[in-house]
Amino acid sequence: NLSTQILVWDHNRDLLAQRFGASMSVPHADNYIAGAAYHWYSGDQYDTVQSVAKKYPGKQLIFTEGCIEGGPRDGAWFTGERYAHNIINDLNSGCTGWIDWNIILDMEGGPNHASNFCDSPILADTKTGTLHYQSSYYYIGHFSRFIRPGAKRLTTKINSWMTPATVDGRIGNTMETCAFLNTDNTIALIVTNRTEADMIYSLNLSQDEHSDPQTNSQNTFVCPPRAIQTIIIE
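Definitions and cut-offs
Residues numbered from 1 in each chain as written. Predicted model: local features only at pLDDT ≥ 70, side-chain atom pairs only at ≥ 80, totals over all residues. Heavy atoms only, no water. Helix = DSSP H or I, 4+ residues; strand = E, 2+ residues; numbered from the N terminus. Contact = heavy atoms within 4.5 Å. Expected span 1.5 Å × (residues − 1). Buried < 20%, exposed > 50% of the residue type's maximum accessible area, 1.4 Å probe, protein only. Pairing = 2+ DSSP bridges. Axes fitted to C-alpha atoms, helices over the stretch in contact; angles between N-to-C directions. Core = buried A, V, L, I, M, F, W, Y, C linked by side-chain atoms within 4.5 Å.

A. Quick look at the side chain of T64. Along the chain, the position of T64 falls in strand β3 (residues 60-65). Discounting chain neighbours no more than four positions away, the residues touching T64 are D10, A37, Y38, H39, I99 and W101.

B. Quick look at helix α3 (residues 78-92). The terminal C-alpha atoms of α3, which comprises 15 residues, lie 21 Å apart, in line with the 21 Å expected from a rise of 1.5 Å per residue. Among the 15 residues in α3, 12 count as buried, and that is most of the element. Along α3, the residues classified as buried are T79, G80, E81, Y83, A84, H85, N86, I87, I88, N89, D90 and L91. The positive-phi residue at the C-terminal boundary of α3 is G94, with phi of around 115 degrees.

C. Inspection of the sheet that holds strand β6 (residues 122-125) at higher detail. The 3 strands lie next to each other as β5-β6-β7, forming an open sheet whose pairing is mixed. Every other strand in the sheet has two partners, leaving β5 (104-106) and β7 (130-133) as the edge strands with one partner each. In this sheet, neighbouring strand axes are inclined to one another by 30 degrees on average, regardless of whether the strands run parallel or antiparallel. As defined by bridge partners, β6 adjoins β7 across 4 bridges and the pair is classed as antiparallel.

D. Broad picture of the nonpolar core. The biggest cluster of nonpolar side chains holds 31 residues, and the ones touching the most others in it are F20, Y38, L91, W98, F143, I147 and C178. In terms of residue count, α3 provides more of this core than any other element does, 5 residues in total. Apart from the residues within four sequence positions on either side, L91 is in contact with F143, I147, R153, C178 and F180. Of all hydrophobic cores here, the second largest spans 11 residues; its members include C223, A227, I231 and I233.

Shown next, in the form of structure tokens:
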């Protein structure tokens, strides 16, 4: 009569489908396995996450560990962008929960018994008693503050067009987004811009992607360079 839920694998995305499938193939295992846990250290295999979500509907897929290794990066901005990129793509691929690894470390990136010093959203100066809030702390907040428990993911699509501020000229490769319908019927739309220029975009709330945007609820917004923003739609 225990309520504890069991998540298997708890390692990288690359072998998620293979190892979760092996566990689920055991007779009656489905009765005891609540889902799978995975990490980001093997790269951006979001298609693997999506394939597992589609093959095993109803099972939880929880990201349980992501840490930027190599020591602390006090004041760095890319760390926050890395979190946003991973969280958005994981959620859009069927991930049902996302957990950071090490919310707070000291200025050395520890303590760590293996000397594997890392970065974290908050760095604590134990000598002065001060806290250093990093970009990743605020980036994570755009998801944890506005996507509430029980929210349902909505399908979003960026209609890509040419822009001079991206490496290959395509906005779809440097602007990412996800949206969720909260239980209070508000929609949380999160947008990131990894270019060096303002991104001016229009929001089309129609359920039909082929509909005329002029006949639907549409607004124009600006996402500043290297920024993240959340729009709450009543």
